[in-house]
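Spelled out from the first residue to the last, the chains are:
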Amino acid sequence: RRQIGFVVALYAFDGQGLDLGHTGRLPLNLSPGDRVELLQNVDQAESARGGWLFGQVVDKPGVMGYFPEAFVEYEDEDGTGAAEVGVWEIVYDFDGGGMQL
């Protein structure tokens, strides 16, 4: 296995009884604030299609599973905080009324 980055859980995820539709693929339960090491075991195209990631909680080595990408935030490269991946701050009001595209 090769480490490919870290994410931090924003929300609790309880995958107990969840059927991921793939034999042998188990969910990984998360608590808010859990730091999760992402693992190379997931094909990137598969992850992009389904919105699921594969990893292990840093404080629980050996416990691995799948969890929804929407429940986590990516860390930046130096591990000091969450990276702003696809996150934008709105700083101006915009009214597109009457605008033709």
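So, here is what we can say about the structure in this document. Fair warning: this is a prediction, and the values are worked out from it, not measured in the lab.

Its location among the elements puts Q56 in strand β3 (residues 52-57). A distance of 3.0 Å separates the side chain of Q56 from the backbone nitrogen of G62, its partner in a polar contact. Beyond its immediate sequence surroundings of up to four residues, Q56 is in contact with L28, R35, V36, E37, L39, P61, G62, V63 and M64.

A few words now on the side chain of D34. Relative to the helices and strands, D34 resides in the loop between β1 (3-9) and β2 (35-39). The side chain of D34 sits in the buried core without any salt bridge; K60 is the nearest counter-charge, 5.0 Å away. A polar contact is formed between the side chain of D34 and the backbone nitrogen of S31, at a distance of 2.8 Å. Look past the residues within four positions of D34 in its chain and what remains in contact with it is V7, V8, A9, N29 and V57.

Here the focus is the nonpolar core. The biggest cluster of nonpolar side chains holds 11 residues, and these are V7, A9, F13, L28, L30, V36, L38, L53, V57, F67 and V72. Mapped by element, the contributors of at least two residues to this core are β1, β2 and β3. Once residues within four sequence positions are removed from consideration, L28 is found in contact with F13, V36, G55, Q56, V57, V63, M64, G65, Y66 and F67.

Before going further, it helps to spend a moment on the packing of aromatic side chains. The geometry of an aromatic ring pair comes down to the distance between the two centres and the angle between the two planes. The tally for this structure, following the rule as stated, stands at 4 aromatic pairs. With 5.9 Å between their ring centres and 85 degrees between their planes, Y11 and F71 make a pair best called edge-to-face. With Y11 in the loop between β1 and β2 and F71 in the loop between β4 (64-68) and β5 (72-74), this residue pair connects regions lying 60 residues apart in the sequence. For the pair F13 and F71, a centre-to-centre distance of 5.6 Å together with 75 degrees between the ring planes defines the contact as edge-to-face. A residue pair is termed long-range when its members are at least 10 positions apart, and F13 in the loop between β1 and β2 and F71 in the loop between β4 and β5 qualify at 58 residues. For F13, a relative accessible area of 10% corresponds to the buried category. Using a relative accessible area of 26% as the deciding quantity, one classes F71 as partly exposed.

The tally for this structure, following the rule as stated, stands at 1 salt bridge. For E75, the salt bridge goes to R35, with nearest N and O atoms at 2.8 Å. With E75 in the segment after β5 and R35 in strand β2, this pair connects stretches of sequence that are 40 residues apart. Residue classification places E75 among the buried residues on the basis of a relative accessible area of 13%.

Reading the values: the criteria
Residues numbered from 1 in each chain as written. Predicted model: local features only at pLDDT ≥ 70, side-chain atom pairs only at ≥ 80, totals over all residues. Heavy atoms only, no water. Helix = DSSP H or I, 4+ residues; strand = E, 2+ residues; numbered from the N terminus. Polar contact = N/O pair within 3.5 Å; in protein donor to acceptor, adjacent residues only side chain to side chain. Contact = heavy atoms within 4.5 Å. Buried < 20%, exposed > 50% of the residue type's maximum accessible area, 1.4 Å probe, protein only. Lys, Arg positive; Asp, Glu negative; His and termini not counted. Salt bridge = Lys/Arg side-chain N within 4 Å of Asp/Glu carboxyl O. Core = buried A, V, L, I, M, F, W, Y, C linked by side-chain atoms within 4.5 Å. Phe/Tyr/Trp six-rings, centres within 6.5 Å; stacked < 30°, edge-to-face > 60°.

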